[in-house]
Amino acid sequence: AANGIKYEARDFEYIAVASGSCGENATWAFYENGELVISGSGAMDNYASHKEQPWASIRHLVKKIVIGKDITSIGNYAFAYCEYNEEIIFEEGSVLEKIGVLAFRSNRKVKEVVLPETVTYINTYGFGTCDSLVNVYVPEGIGFIHAKAFVESPNVVVVTY
């Protein structure tokens, strides 16, 4: 109690301001703090262009992308041109396997990406035109990295253990 008044401290929770579906069993929510969170399971949808992303109209507000642990594939163009995004986070225990064509193209402010151990495939332009991207941790079991996966990302250092 403070000054004789009982109170309960709770963690502040941001409110989802937009949400929807982005795969058969995958959903998305965008929060007022700039986080775009992908939840559910399985593969995300592939999009024919960045204009088809369900979050296309708020793409410029995204500051952090969080991929839920049960997502297996990031769709083509999924986060392309999220130019103000600063962080790509994969939840602990992620089973992600595939990163699609142009998935994170022009995420110009992202400096580091730590891919889950389960990732085996990075398609063309997956991390293209990511000007600030330096450290990319690629798991030992990676099977395929397209020759143009990091095209126009001049500072990338790929690290594997």
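The notes below deal with the structure included here.

Cut-off values and rules
- Residues numbered from 1 in each chain as written.
- Predicted model: local features only at pLDDT ≥ 70, side-chain atom pairs only at ≥ 80, totals over all residues.
- Heavy atoms only, no water.
- Salt bridge = Lys/Arg side-chain N within 4 Å of Asp/Glu carboxyl O.
- Buried < 20%, exposed > 50% of the residue type's maximum accessible area, 1.4 Å probe, protein only.
- Helix = DSSP H or I, 4+ residues; strand = E, 2+ residues; numbered from the N terminus.
- Contact = heavy atoms within 4.5 Å.
- Core = buried A, V, L, I, M, F, W, Y, C linked by side-chain atoms within 4.5 Å.

The next point concerns the pattern of salt bridges. Tallied over the entire structure, the rule returns five salt bridges. Where Asp70 meets Lys69, a salt bridge forms, and the shortest distance between an N and an O atom there is 3.4 Å. A relative accessible area of 34% places Asp70 in the partly exposed class. Two residues, Arg108 and Asp131, come together in a salt bridge whose shortest N-O distance is 2.9 Å. Of this pair, Arg108 sits in the loop between strand 8 (98–99) and strand 9 (112–114) while Asp131 sits in the loop between strand 10 (121–122) and strand 11 (135–137), and the two are 23 residues apart along the sequence. Accessibility expressed as a relative area gives 30% for Arg108, which makes it partly exposed.

When you line up the elements, Gly42 lands in strand 4 (residues 42–43). By relative accessible area, which is 22% here, Gly42 ends up partly exposed. C-alpha separation for the pair Gly42 and Ser73, spaced 31 residues apart in sequence, amounts to 6.8 Å. Gly42 has contacts with Asp70, Ile71, Thr72 and Ser73, leaving out every residue within four places of it along the chain.

This brings us to the nonpolar core. In terms of nonpolar packing, the biggest core is built from 36 residues, with Ile38, Trp55, Ile74, Phe79 and Phe127 touching the most fellow members. Those elements that provide at least two residues to this core are strand 2 (26–31), strand 3 (35–40), strand 5 (64–67), strand 6 (71–74) and strand 7 (87–90). Among the elements that take part in this core, strand 2 stands out by supplying three residues, more than any other. Sequence-distant contacts of Trp55, defined by excluding residues within four places in its chain, comprise Cys22, Trp28, Leu36, Ile38, Met44, Tyr47, Ala78 and Phe79.

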